[in-house]
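Fold and contact review
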Amino acid sequence: MPHDNPLVIAHRATMGHAPENTLLGVRRALELGCDGVEIDVRLCADGVPVLIHDEMLERTTDASGPVAAASLEDLRQIDAGDGESIPTLRETLEMIAGQMLLVIELKTSPGDDVEALCDAVLAEIARSDALPWVWLWSFDTNAVRVLSERAPVGRRIAHLCGAPTKEIWQAVAEYRLDGLSMHYRAVTAAEVDACRAHGLAVFTWTVNEPSEISRLAGLGVTGIAGDFPERIRAALG
């Protein structure tokens with residue numbers, strides 16, 4: 001059945017109001033009363049999961065080079081905007097502490113150790129006893145597979161995609177996934193109905209226009225991720 005009230009999810013830790021993927025952004029999501037906050041996670045050189053979207057540091061920080069080559073100590077010295085540093089997943093879990101949903105997108109690049117990333121993320125979730133309030137998302141089908149094999153009972157995993165393909169649907173069935181997260185332009189009544197027929201949650205991103213928010217809510221999506229969550233709330237009435 002369609003959801004009357006889609007979950008309001010702050011994209012990249014409320015990047016419309018704070019530097020993306022920072023603890024300041026997570027605090028903004030809490031202050032705005034969001035249902036959830038979405039973050040991006042990669043491994044630094046020490047094998048610690050940290051919040052950053054890109055493979056390289058240049059776009060979002062005052063440093064350069066690959067994230068995977070920087071130690072956590074190195075990252076502590078970097079300005080990610082407004083004096084914010086790059087936080088760890090552990091710090092983020094501790095800040096949220098079950099006050100809202102946390103959507104963890106596992107980011108991968110060619111050559112990354114996908115299994116190490118999945119194991120590190122799952123270890124931090126277990127340490128914080130956060131499984132009941134976490135969703136795990138990834139575009140990487142290999143990451144989705146590893147998560148499905150290693151996450152404990154009760155996990156919630158969604159495959160990210162522009163639009164679901166035959167291969168995506170095969171992964172959904174094979175790995176017993178719990179949802180799909182699609183680009184908002186790909187979300188149609190037919191796609192939502194297909195997800196519902198398979199018992200899947202339907203998420204969509206990155207939605208900032210009120211007209212699109214209203215359209216998607218009318219289709220019955222489970223959650224809407226946007227840079228300005230207050231716009232989602234207002235459009236939902």
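A brief report on the enclosed structure follows. Everything numeric in this text was worked out from a predicted model, so none of it was measured.

Concerning the packing of helix H1 (residues 23-31) against helix H3 (residues 89-96)
Here H1 crosses H3 at 20°, and the two axes come no closer than 11 Å. Between H1 and H3, the interaxial angle falls into the category roughly parallel. Like other packed secondary-structure pairs, H1 and H3 cross with a definite hand, here right-handed. Contacts from Leu23, Val26, Arg27 and Leu30 of H1 reach H3 at Glu91, Thr92, Met95 and Ile96. Taken together, the residues that form the contact of H1 with H3 break down as five nonpolar, one polar and two charged.

A closer look at the pairing of strand E6 (residues 157-161)
Buried residues dominate E6, accounting for five of its five residues. Side chains of E6 alternate between two faces, with Ile157, His159 and Cys161 and Ala158 and Leu160 buried alike. Where strand E5 (residues 134-138) and E6 come together, three bridges link them in parallel fashion. When the bridges of E6 are listed, Ser138 appears paired with His159. Summarising the sheet, E6 and strand E7 (residues 179-183) pair through four bridges and their orientation is parallel. Each bridged residue has a counterpart across the sheet, and for Leu160 the counterpart in E7 is Ser181. Crossover handedness for the path E6 to helix H6 (residues 166-174) to E7: right-handed.

Quick look at the layout of surface pockets
Within this model, the largest pocket holds a volume of roughly 180 Å³. Of all the elements in the fold, those that place two or more residues in the lining of the largest pocket are strand E2 (36-43) and helix H4 (114-127). Of the residues contributing to the lining of the largest pocket, the split by class is six nonpolar, one polar and five charged.

Concerning the side chain of Arg12
Counting through the fold element by element, Arg12 comes out in the loop between strand E1 (7-10) and H1. Using a relative accessible area of 15% as the deciding quantity, one classes Arg12 as buried. In terms of polar contacts, Arg12 uses its side chain to reach the side chain of His53, at 3.1 Å. Once residues lying within four places of it in the same chain are set aside, the contact partners of Arg12 are Glu20, Asn21, Glu38, Asp40, His53 and Arg59.

A look at the nonpolar core
Ranked by internal contacts, the top residues of the largest apolar core, which has 56 residues, are Leu89, Leu102, Ile104, Val121, Val134 and Leu136. Considering each element in turn, this core owes the most residues, seven residues, to H4.

Description of the environment of Gly220
Mapped onto the fold, Gly220 is located in the loop between helix H8 (210-219) and strand E9 (223-226). The exposure class assigned to Gly220 is buried, which follows from its relative accessible area of 1%.

So, the packing of aromatic side chains
Across all of its chains, the model carries three aromatic pairs by this definition. Aromatic pair Trp135 and Phe203: ring centres 5.0 Å apart, planes at 75°, arrangement edge-to-face. In this pair, Trp135 is assigned in strand E5 and Phe203 in strand E8 (residues 201-205), connecting sequence segments 68 residues apart. No difference in accessibility class separates Trp135 from Phe203, as the two residues are buried. Clustering of aromatic rings is evident, with ring pairs tying together Trp135, Trp137 and Phe203. The ring of Phe228 is capped by Arg231, whose NZ or CZ atom sits 3.9 Å from the centre of that ring.

Rules of the game
Residues numbered from 1 in each chain as written. Predicted model: local features only at pLDDT ≥ 70, side-chain atom pairs only at ≥ 80, totals over all residues. Heavy atoms only, no water. Axes fitted to C-alpha atoms, helices over the stretch in contact; angles between N-to-C directions. Helix = DSSP H or I, 4+ residues; strand = E, 2+ residues; numbered from the N terminus. Parallel < 35°, antiparallel > 145°, perpendicular 65-115°, else oblique. Left-handed = near helix turned anticlockwise from the far one by under 90°. Contact = heavy atoms within 4.5 Å. Nonpolar A, V, L, I, M, F, W, Y, C, P; charged D, E, K, R; others polar. Buried < 20%, exposed > 50% of the residue type's maximum accessible area, 1.4 Å probe, protein only. Pairing = 2+ DSSP bridges. Right-handed = clockwise from strand over helix to strand, strands pointing away. 1 Å grid on protein atoms, 1.4 Å probe; cavity = no way out; pocket = protein on both sides within 12 Å on 5 of 7 lines; lining within 4 Å. Points joined across faces, edges and corners; volume = space filled by probe spheres on them. Polar contact = N/O pair within 3.5 Å; in protein donor to acceptor, adjacent residues only side chain to side chain. Core = buried A, V, L, I, M, F, W, Y, C linked by side-chain atoms within 4.5 Å. Phe/Tyr/Trp six-rings, centres within 6.5 Å; stacked < 30°, edge-to-face > 60°. Lys NZ or Arg CZ within 6 Å of the ring centre and 35° of its normal.

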